[in-house]
Amino acid sequence: MKKIFASVLAAALMATMSLAASAIDFTASSALNNDIVVDGEKDLAYVSAAIPVNAEAPAEAAVGNCYAAWDNDYLYLYLEVTDAVVEDAAAVTGIWSDDCAEFYINLSGTEGNITDINAAQYTYGPSFPAFAGGGLHRENNMADCLSAYKYTDYGYAVEIAIAWGDEYAPAEGEAFPFVVGINDEADGDPSTREYQIFTGGSAQSNAWQVADAVWDSLKLSAEEYVEPEPETVAEVVEEAAAPQTFDAGVIAAVAAVVSAAGYALSKKR
Ligand SMILES: [Ca+2]
Ligand SMILES: [Ca+2]
Ligand SMILES: [Ca+2]
């Protein structure tokens, strides 16, 4: 009897754990005090932890790391995709069966079909002339969104800025349902998709239709890029001396003396 109870308990625990594992909390850094340029290059303002897009991915599938940031106008998303074979621009037919990324947001505060609530799927890939996807938020705000891509030695990178729209006011500490997916065309036939990999795994494969509780989430944090401290006197002296033929020991000694003098001076004041 005890044994049965223990195994039932274990099963219940496993179910709880797998449920918890299906929705992941991610973070967007603040770009309120830093500029982001939507150009396919990773800006310094993307300081929050990478959002891995690799759940349940077979070894040969395209996977990626996404970085998110926010300001009062946009949600910025920069995604580096490792894709062994990225189709030529000429082969792109432009929809979900090609090499591209899918970014999902639900700003409605409720669950439902993404065509009925303030939610969206923004689909974008290398050589895409515009966003594909769906949802009410996309319909209302696509004209104000920005996008860029570049091909890289590991695959490609895409960067998009999703305009928040009139119905959502971003604020530090706010969180909303969010998913990232990667479509991978891998067999030379752009009419078929070989892999589709999400942040939350196969639980997200219906995200293109329904925004529900299995979506992951994104929190707008206060984390931000901070300029490094100005160089110390010792570092400036060291740099100025570097191209010359002075002995390194002499330079270090001079730097130490200057630094010590500065310290003594500041102590006297
Ligand atoms: Ca950029
Ligand atoms: Ca591919
Ligand atoms: Ca294919």
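This section reports on the structure supplied with the text. (Residues numbered from 1 in each chain as written. Chains lettered and ligands numbered in written order. Predicted model: local features only at pLDDT ≥ 70, side-chain atom pairs only at ≥ 80, totals over all residues. Heavy atoms only, no water.)

1. Some words on the pattern of salt bridges
Thinking step 1. Evaluated as defined, the whole model comprises 1 salt bridge.
Thinking step 2. Across the pair Glu41 and Lys150 runs a salt bridge whose closest N-O atoms are separated by 3.1 Å. Of this pair, Glu41 sits in the loop between strand S1 (25–30) and strand S2 (51–53) while Lys150 sits in strand S9 (residues 146–151); the two residues are 109 residues apart in sequence, bridging distant segments of the chain.
Thinking step 3. When its relative accessible area of 40% is taken as the criterion, Glu41 is described as partly exposed. (Salt bridge = Lys/Arg side-chain N within 4 Å of Asp/Glu carboxyl O. Helix = DSSP H or I, 4+ residues; strand = E, 2+ residues; numbered from the N terminus. Buried < 20%, exposed > 50% of the residue type's maximum accessible area, 1.4 Å probe, protein only.)

2. Some thoughts on the coordination of the calcium ion (ligand 1)
Thinking step 1. For the calcium ion (ligand 1), the full set of protein donor atoms is Val37 (O), Asp39 (OD), Glu41 (O), Asp43 (OD), Glu159 (OE) and Glu159 (OE), and the range of their distances to it is 2.2 to 2.6 Å.
Thinking step 2. In this structure, the calcium ion (ligand 1) is coordinated by 6 donor atoms arranged in irregular fashion, with angles at the metal of 52 to 170°.
Thinking step 3. Each donor residue of the calcium ion (ligand 1) lies on the same chain, and together they follow the pattern V-x1-D-x1-E-x1-D-x115-E.
Thinking step 4. Residue classification places Asp39 among the partly exposed residues on the basis of a relative accessible area of 36%.
Thinking step 5. A relative accessible area of 13% means that Asp43 is categorised as buried. (Donors = N, O, S within 2.8 Å, 3.2 Å for Na, K, Ca; no water. Tetrahedral: all angles 85-135°; square planar, octahedral: opposite > 155°, others 65-115°.)

3. Concerning the nonpolar core
Thinking step 1. The biggest cluster of nonpolar side chains holds 52 residues, and the ones touching the most others in it are Leu77, Leu79, Phe103, Tyr122, Phe176, Phe178 and Leu218.
Thinking step 2. Grouped together as the second largest cluster of nonpolar side chains are 9 residues, Tyr104, Val179, Phe198 and Ala207 included. (Core = buried A, V, L, I, M, F, W, Y, C linked by side-chain atoms within 4.5 Å.)

4. Regarding the coordination of the calcium ion (ligand 3)
Thinking step 1. Within the protein, Glu185 (OE), Asp187 (OD), Asp189 (O), Thr192 (O), Thr192 (OG1), Glu194 (OE) and Glu194 (OE) serve as the donor atoms for the calcium ion (ligand 3), at 2.1 to 2.7 Å.
Thinking step 2. Each donor residue of the calcium ion (ligand 3) lies on one chain, and together they are spaced E-x1-D-x1-D-x2-T-x1-E.

5. Focus on the pairing of strand S14 (residues 216–220)
Thinking step 1. A large share of S14 lies buried, amounting to 4 of its 5 residues.
Thinking step 2. Pairing geometry for S1 and S14, over 4 bridges, is parallel. Across the sheet, Ala28 pairs through a bridge with Leu220, a residue of S14.
Thinking step 3. Note that strand S11 (residues 175–184) and S14 share 4 bridges and pair antiparallel. (Pairing = 2+ DSSP bridges.)

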